[in-house]
Amino acid sequence: MNRLAALWWPLPPVVLVSSAALVAASVVLSTRWLWDQRFQEWVVTSFEAHEQVLWAAVLAAVVSCWTATRLTPTRMLFGGAHHPRTGWPVVRRHLAVLNGWFLLGYVVGIAPALVLTATRAQYGGPDVLAILGGPLGIAAASALGYLFGVVVPVALLSPVPGVGVYLLYSQSAVANGWTALLPLVRVWISLGRSENPAVTGYRVIFLLTVLAACAVLSAVLLRATRRTAPRALVAVLGCLALPGLLAVVPFVRTPAPLVHDAERPRVCAERGDTEYCVHEGHASELDLLGAVGETALASLGESVPAPRRVWDLALAGRGEDPGVVWVQLDPVLPLEPAVASTLAGSIAGDDACRQRYGDPGPEEDWPEAVALADDLRWRVAALFHEEYARVDGPFGELSDAELVRWLAEHQRTVASCELGREDLP
Amino acid sequence: MRFSDVHFSYGRKRVLRGVDWELGRGISGLLGPNGSGKTTLISLAVGALPGGGGITVGDAGTSGPNGGASPSLGYVPQSFSLVPGMSVLQTAAYAAWVNGVQRRECEDAARRALGLVDLGGRAGERVRALSGGQRQRLGIAAALAHEPRVLVLDEPTVGLDPAQRLRVREVIAELGQDRTVLLATHLVEDIAYLCRRVGVLVAGRIVFDGTVEELTGLFEDEAPEDGRALGSAFERGYERLVRRWGAGE
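Read on for a plain summary of the structure.

**Brief notes about the overall build of chain B**
Move 1: Along chain B, the regular secondary structure elements total eight helices and 10 strands.
Move 2: Counting across all 249 residues of chain B, residues that qualify as buried make up 54%.
Move 3: For chain B, the proportion of contacts with a sequence separation of at least 24, taken over those separated by at least 6, is 63%.
Move 4: Carbon together with sulfur atoms contributes 45% to the accessible area of chain B, which is approximately 10,700 Å² in total.

**Some words on the overall build of chain A**
Move 1: Along the backbone of chain A there are 14 helices and six strands.
Move 2: Here the C-alpha atoms of chain A give a radius of gyration of 29 Å, more than 25% beyond the 22 Å that 2.2 N^0.38 yields for 425 residues.
Move 3: Dimensions of chain A, computed from C-alpha atoms along their principal axes, come out at roughly 95 × 45 × 40 Å.
Move 4: Expressed as a percentage of the 425 residues in chain A, the buried residues total 50%.
Move 5: For chain A, long-range pairs separated by at least 24 residues make up 73% of all intrachain contacts whose partners lie at least 6 apart in sequence.
Move 6: Surface exposure of chain A reaches about 19,100 Å², of which carbon and sulfur atoms provide 62%.
Move 7: Across chain A, the 31 positively charged side chains and the 40 negatively charged ones have centroids separated by 23 Å.

**Points about the sheet that holds strand β5 (residues 309–312) of chain A**
Residue and element names in this part refer to chain A.
Move 1: Reading across from one edge, β3-β4-β5-β6 is the order of the four strands in this open sheet, with mixed pairing throughout. Looking at the sheet topology across the chains shown, the edges are occupied by β3 (266–271) and β6 (324–327). Pairwise comparison of adjacent strand axes, ignoring direction, gives a mean angle of 20° for this sheet.
Move 2: Pairing of strand β4 (residues 274–279) with β5 involves three bridges; the strand directions are parallel. The residue of β5 that forms the bridge with tyrosine 276 is valine 310.
Move 3: Sheet strands touched by helix α9 (residues 286–299): β3, β4, β5 and β6. Its angle to β4, the strand with the most contacts, is close to 145°.
Move 4: Contacts from helix α10 (residues 335–347) reach β5 and β6 within the one sheet, and its direction differs from that of β6 by about 155°.

**Looking at the packing of helix α2 (residues 42–51) of chain A against helix α4 (residues 88–120) of chain A**
Residue and element names in this part refer to chain A.
Move 1: It is the contact of α2 with α4, at a shortest axis distance of 10 Å, that shows an interaxial angle of 175°. Considering the angle they form, α2 stands roughly antiparallel to α4. Each of Trp42, Thr45 and Ala49 in α2 lies in contact with α4, whose residues at this interface are Tyr106, Ile110, Ala113, Leu114, Thr117 and Ala118.
Move 2: Class assignment of the residues belonging to the contact of α2 with α4 gives a composition of seven nonpolar, two polar and no charged.

**Observations regarding the pairing of strand β8 (residues 180–185) of chain B**
All names here are of chain B.
Move 1: When you tally the buried positions in β8, you get six out of six residues, the bulk of the element.
Move 2: Here β8 shows two buried faces, one formed by Thr180, Leu182 and Ala184 and the other by Val181, Leu183 and Thr185.
Move 3: With six bridges connecting them, strand β3 (residues 26–31) and β8 associate as parallel partners. Following the sheet pairing, isoleucine 27 is matched in β8 by valine 181.
Move 4: Since strand β7 (residues 150–154) and β8 lie parallel, the crossover through helix α5 (residues 162–175) that links them has a hand, and here it is right-handed.

**A look at the nonpolar core**
Move 1: Membership of the largest hydrophobic core comes to 117 residues, with the highest contact counts inside it found for Tyr169(A), Ile140(B) and Val200(B).
Move 2: Looking at this core, the element that brings in the most residues is helix α7 (residues 197–223) of chain A, giving 11 residues.
Move 3: Leave out the neighbours within four places in its chain, and Tyr169(A) touches Leu54(A), Ala57(A), Gly137(A), Ala140(A), Ala141(A), Leu182(A), Pro183(A), Leu184(A), Arg186(A) and Leu207(A).
Move 4: Listed in part, the 34 residues of the second largest apolar core include Val292(A), Ala348(A), Leu407(A) and Leu419(A).

**Topic: the packing of aromatic side chains**
Move 1: Scanning the entire structure with this criterion turns up nine aromatic pairs over all chains.
Move 2: Ring centres of Trp9(A) and Trp97(B) lie 5.6 Å apart, and the angle between their planes is 85°; this geometry places the pair in the edge-to-face category. Remark: Trp97(B) occurs in helix α2 (residues 88–98) and Trp9(A) occurs in the segment before α1 (13–35); the pair is interchain, linking two chains.
Move 3: On the basis of relative accessibility, which here comes to 9%, the residue Trp9(A) falls in the buried class.
Move 4: Residue classification places Trp97(B) among the buried positions, given a relative accessible area of 6%.
Move 5: An angle of 25° between the planes, with centres 6.0 Å apart, marks the rings of Phe3(B) and Trp21(B) as stacked. Here Phe3(B) is found in strand β1 (residues 2–10), whereas its partner Trp21(B) is found in strand β2 (residues 13–22), with 18 residues between them in sequence.
Move 6: Given the relative accessible area of 2%, Phe3(B) is considered buried.

**Some details on helix α3 (residues 106–116) of chain B**
Residues and elements named next belong to chain B.
Move 1: Of the positions making up α3, those classed as buried are Cys106, Ala109, Ala110, Ala113 and Leu114. Taken down its axis, α3 places every buried residue within 135° of arc, on the same side.
Move 2: Elements that come into contact with the buried residues of α3 comprise α2 and α4 (132–144).
Move 3: Phi turns positive, to about 65°, at aspartate 118, one or two residues after α3.

**Here we look at the packing of α9(A) against α10(A)**
Residues and elements named next belong to chain A.
Move 1: The contact between α9 and α10 brings their axes to 10 Å, and the two run at 45°. With respect to each other, α9 and α10 are oriented oblique. Every pair of crossing elements has a handedness; the one defined by α9 and α10 is right-handed. Residue-level inspection shows Leu288, Leu289, Val292, Gly293, Ala296 and Leu297 of α9 in contact with α10, the latter providing Leu335, Glu336, Val339, Leu343 and Ile347.

Cut-offs used in this document
- Residues numbered from 1 in each chain as written.
- Chains lettered and ligands numbered in written order.
- Predicted model: local features only at pLDDT ≥ 70, side-chain atom pairs only at ≥ 80, totals over all residues.
- Heavy atoms only, no water.
- Helix = DSSP H or I, 4+ residues; strand = E, 2+ residues; numbered from the N terminus.
- Buried < 20%, exposed > 50% of the residue type's maximum accessible area, 1.4 Å probe, protein only.
- Contact = heavy atoms within 4.5 Å.
- Areas by Shrake-Rupley, 256 points an atom, 1.4 Å probe, with all protein chains shown as cover.
- Rg over C-alpha atoms; globule rule 2.2 N^0.38 Å.
- Lys, Arg positive; Asp, Glu negative; His and termini not counted.
- Charge placed at Lys NZ, Arg CZ, Asp CG, Glu CD.
- Pairing = 2+ DSSP bridges.
- Axes fitted to C-alpha atoms, helices over the stretch in contact; angles between N-to-C directions.
- Parallel < 35°, antiparallel > 145°, perpendicular 65-115°, else oblique.
- Nonpolar A, V, L, I, M, F, W, Y, C, P; charged D, E, K, R; others polar.
- Right-handed = clockwise from strand over helix to strand, strands pointing away.
- Core = buried A, V, L, I, M, F, W, Y, C linked by side-chain atoms within 4.5 Å.
- Phe/Tyr/Trp six-rings, centres within 6.5 Å; stacked < 30°, edge-to-face > 60°.
- Arc of directions from axis to C-beta.
- Left-handed = near helix turned anticlockwise from the far one by under 90°.

Below is the structure:
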């Protein structure tokens, strides 16, 4: 046997190569959107590295189950408990080869996103514990599928553990306790927040425990005979105890999956009377943010008071200055509408209305301010993209010059959220 | 290979009641009616059942260091399945590996074993293309690939057509020339054709241990009970032995 064959032996290379290709394709398709971002954030890439393994895990469970049904049943010539390597050596070899190829597929699939982030990200580094949740999620699914194949050695039932893994890995959408156990978390993450290291660490330990328990359990069951069944039962209970215990803890005390970063370094620039600041990880957006803000504010006339600070939402934390206008910098969506929307809301008295009616308050409580903000959003956005131009609502008939005049005349009532129906044009 | 006072029970049911038996080089047959304990005795010998402490090969026990059978034993079970999509060579090589051969040596070991059972020319074929007799020979090759000192065959010719059965017999006869082979079967003619020595297991005990000729001559002085021809003298001797010992239980 040549050295190359050792990479797949004793499993069929066609199955392993196709599985690795499918794993790679599923990860690429799930993370393809990361490639087109204007800027990369390590927190997002690290998160997606474990969040996008659902189909890879399903495939791993099915292929591993099929392998077990093919090579391990007692009825097979090489499957009896009397063979010296039946048990742990067989399970170790099968799972090592299978997961080696699954891991190769995963690495190929996630590599473009990691390389792009490594070359483009302006802040931070990879969250290794979070990333590890991805390949370990696939490996644990593989071990679960293999165990199923050992217990139910029927090849036709190989899709069953795949369905089981799909349902199990979808649980994080149902209960938060699962987020500490499974690779799929289903929360939204962006710069300024990180995955809770207690959660990612716990997840890694849990998935490793599941992987080890399933492998040991498979080995015990392959080695078991009718005579050794009582001892095997004790071993089964022992193998299930640790992952079972670990699975209960997050439901007793559910941890927060995300934490605010203690440090949020910023870079700033002054334009007119306004200070524009972004997180260091968004430094490349600062010039554009300043330019868009300046143009947007200029279009609304000099009478409109410019906000003192326009800051990147990634810098926001608890107890920050309420006078700051927070702008969300999305790596995919164009910046201009986001800035236009935020500045328009600010100029239309969003902050004052929130202070007056509560935050978050029902926006129906201040419909005039909402109408103004809505109109301003479209007008300012239209400065940058013509497709945002529209004519409707109470301000729709006003020209830009007329709107500037109206804003100058109603500046006080707008700023204090006292705009009434009689004030509308 | 030596069996020394081997006992075994399934719950309260005693299956083996002190088996003492010693095999030498060549083919030794283990005869016995259904339920006599043949498969249990073999399962103990190959480590498929725990409790084979009274069974040795040379000076060593028949259990390997990690459980299961010792590498000095090769075992072909009564019935087994194969992966239809695997090649003949892959099957024998994988069997060699599960029997303890180092991975890099498995393919060479498998080729040697396939040569011994006259399947060397079909190494590249898929298992699904083999006939029943060829599958049985592949099973024997799989048990031989790790070069065991003792080969244990459980009913190796059952279910084969006459031509295949003769071919498998020829293979077993050749293998028995330079190694110890334990052939367990209820087919008397296989024993008569192949074995130098024979042990008869009835109700959990070895009730006869001797040569085929000795068993054949054991009851020559007795007339057939029903006057009908009962087949060969050997078969007649065996059947009377079983009846006598079985009736005593």
